[in-house]
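Breakdown of the fold
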Amino acid sequence: MAVSTRPLGRSGIEVSALGMGCWAIAGPWAEGTRPLGWGVVDDAESVRAVRRALDLGVTLFDTADAYGAGHGERILGRALGGRRDEAVIATKWGYTFDERSRQATGEDASPDYLRRAVVDSLRRLGTDRIDLYQLHLGDLPAPRAEALVGTLEDLVADGLVRAYGWSTDRADRAGGFAQVARGATAVQHSLSVLRDAPAMLAVCDKHDLASIARGPLGMGLLTGKYTPESTLPRDDLRGSAPTWLEWFRGGRPAPEWLRRVAAVRDALTADGRTLVQGALGWIWARSDRSVPIPGARTVAQVEENAAALTRGPLAPDQFAEVERRLAALRAAALRDADRPHWPMPPVPAARP
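Attention in this report is confined to the structure presented alongside it. Sequence order as written defines residue numbering, which begins from 1 separately in each chain. Totals for whole chains, interfaces and linings use every residue, but because this is a predicted model, local features are given only for residues with pLDDT of at least 70 and side-chain atom pairs only at 80 or more, for both listing and counting. The basis for every side-chain value is the complete set of non-hydrogen atoms in the structure, without hydrogens or water.

Let's shift gears to the sheet that holds strand β12 (residues 184–190). Paired strands, as defined in this entry, are two strands with at least two bridges between them according to DSSP. Comment: elements are numbered from the N terminus, with helices defined as DSSP H or I runs of at least four residues and strands as E runs of at least two. The strand order β3-β6-β7-β10-β11-β12-β13-β16 describes an open sheet built from eight strands, whose pairing is parallel. At either margin of the open sheet sits one strand with a lone partner, and together these are β3 (19–21) and β16 (290–292). Neighbour-to-neighbour, the strand axes of the sheet open up by a mean angle of 25°, direction not taken into account. Direction of pairing for β3 relative to strand β6 (residues 60–62): parallel, over a ladder of three bridges. The partner of Met20 across the bridge, within β6, is Phe61. Any two residues whose heavy atoms approach within 4.5 Å are treated as being in contact. Here an angle of 0 to 180 degrees is reported between the N-to-C directions of two axes, which are lines fitted to C-alpha atoms, with helices fitted over the stretch in contact. Its contacts with the sheet place helix α3 (residues 111–125) against β7 (88–93), β10 (130–135) and β11 (161–167), and it is angled at close to 135° to β10.

See the structure below:
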C-alpha cells in the first residue's frame, strides 16, 4: 500500500511521508582535526539529487546551519532555486561555527543568538521563511529550551518561521517543551528498525507532534553494503568513530550491529523490497506520525529511497516477524546508557 503524505504534527503543514536528510551533502567540516562531515562531496551531484527527490514526490528536506559550517544550507538553497514553493525546508540552530575555516566552535542557546541564526539561515537558503526550525542542542536542560519559546513565537508572528521543534532523544524534555510551546509541532529523534523509540513516539502521540526519524538506515548499516571488513575513510566521521557514534568503531561497522542487520534482513525483504525500502517501511508501519529522513548524496540513492513510497508500510504480518526477530536484541539496546545522542557532535560547554 503506497504512502505519499503525512501531516507535520499540529502545524497544518503537509509533507511527503519520506524526507531527505541533507547532512551528508554539506561536505567537509570539523572540530579541530576531527571530521564532522561525510567526506568530500560533489556539489553538482548534490543539487541533482535534491531536484530528483522533488521530481519523485519528496518535499521535506532537513538540514542544519552547522552542517558544512553553512555550506549545507547554501547547497540546499541552490538546489531549490526556482522550486522553493514545492519544498518544506527544515533546518536547525544552536551550534556555532566559523564559515571560512569550516570549523565547529561551540554552542549558543541564547535568544540573541537565535535571532541572528535565523536571519543567517534565511540568507544562506535564499528564502524568506523556514518551514520547520529546530533546536539542535539535544541535551539542553529543559528550562533553557523553554526560555526560547517567546523568541520562537515572535519569529512565527513575523513570518520568518512557520513552525518549530526540537532535535533531541530526551523524551521527557520533548514532552515538557511541547506543553509550553504552542507552536512546537515536531521532534526529530533517532528511530530505526535497529533502535526503536517507544517513549518518544508516545510523546508525539500525546502532544500531536510529528516524529522526524533521523538515522532510519543506521547511518548506512541498513543499506546492506557494509561487511566486517569494510573500512571507512578518515575524512568521514564514521571512519573516525567518535564515542557518541555507536554504529561504527575503529573505522569499521560495529560487529554487534551488523549481526542485528543480518537477523532482520530476510524479514524486511520478504516481499521483494530492498533492505533500504524494508527499513523505511518498518518506520511507516511503526507510527503514522513518523517521517523518516534518510540521507542521500547521489541521484541513485534518492531513487532507491523514494521507491519505498510506492511500497508503503510493511504488512502487519511482515512487521510482526521483524519484531519477533529483534525483540531481545532491541530490549538490551534501549538501556539509557547505551543510547547514542546523535547527530550532535561533542562541543565545548555552552555559552552563558
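Moving on: the side chain of Ser192. Among the structural elements, Ser192 can be located in the loop between β12 and α7 (198–207). We call a residue buried when its accessible area falls under 20% of the maximum for its residue type, exposed when it is over 50%, and partly exposed in between, using a 1.4 Å probe and counting protein chains only. Owing to a relative accessible area of 1%, Ser192 belongs among the buried residues under this scheme. Once you skip the residues sitting within four places of it in the chain, Ser192 turns out to touch Gly215, Pro216, Leu222, Trp247, Trp282 and Ile283.

Here we come to the environment of Leu135. Turning to its location among the elements, Leu135 is positioned in strand β10. Distance in space between the C-alpha atoms of Leu135 and Lys92 is 5.6 Å, their sequence separation being 43 residues. Once residues within four sequence positions are removed from consideration, Leu135 is found in contact with Trp93, Leu140, Ala145, Leu148, Gly165, Trp166 and Ser167.

Another point: the packing of aromatic side chains. Aromatic pairing here means that ring centres of Phe, Tyr or Trp (its six-membered ring) are within 6.5 Å. Orientation follows from the plane angle: under 30 degrees is stacked, over 60 is edge-to-face, and everything else is tilted. Throughout the structure, instances matching the rule amount to nine aromatic pairs. Ring geometry for Trp23 versus Tyr67: centroids 5.6 Å apart, planes at 15°, classification stacked. In this pair, Trp23 sits in the loop between β3 and β4 (30–31) while Tyr67 sits in the loop between β6 and α2 (71–79), placing the two residues 44 residues apart along the sequence. Ring geometry for Trp282 and Phe319: centres 5.9 Å apart, planes at 25°, overall stacked. Of this pair, Trp282 sits in helix α10 (residues 275–286) while Phe319 sits in helix α12 (residues 316–333), and the two are 37 residues apart along the sequence. As far as burial versus exposure is concerned, Trp282 and Phe319 are alike and both buried. Among the aromatic residues, those joined into a ring-pair cluster are Trp23, Trp29, Trp38 and Tyr67. Directly above the ring of Trp257 sits Arg260, whose terminal nitrogen or CZ lies 4.1 Å from the centroid. Only when the NZ of Lys or the CZ of Arg is both within 6 Å of the ring centre and within 35 degrees of the ring normal is a charge said to sit over the ring.

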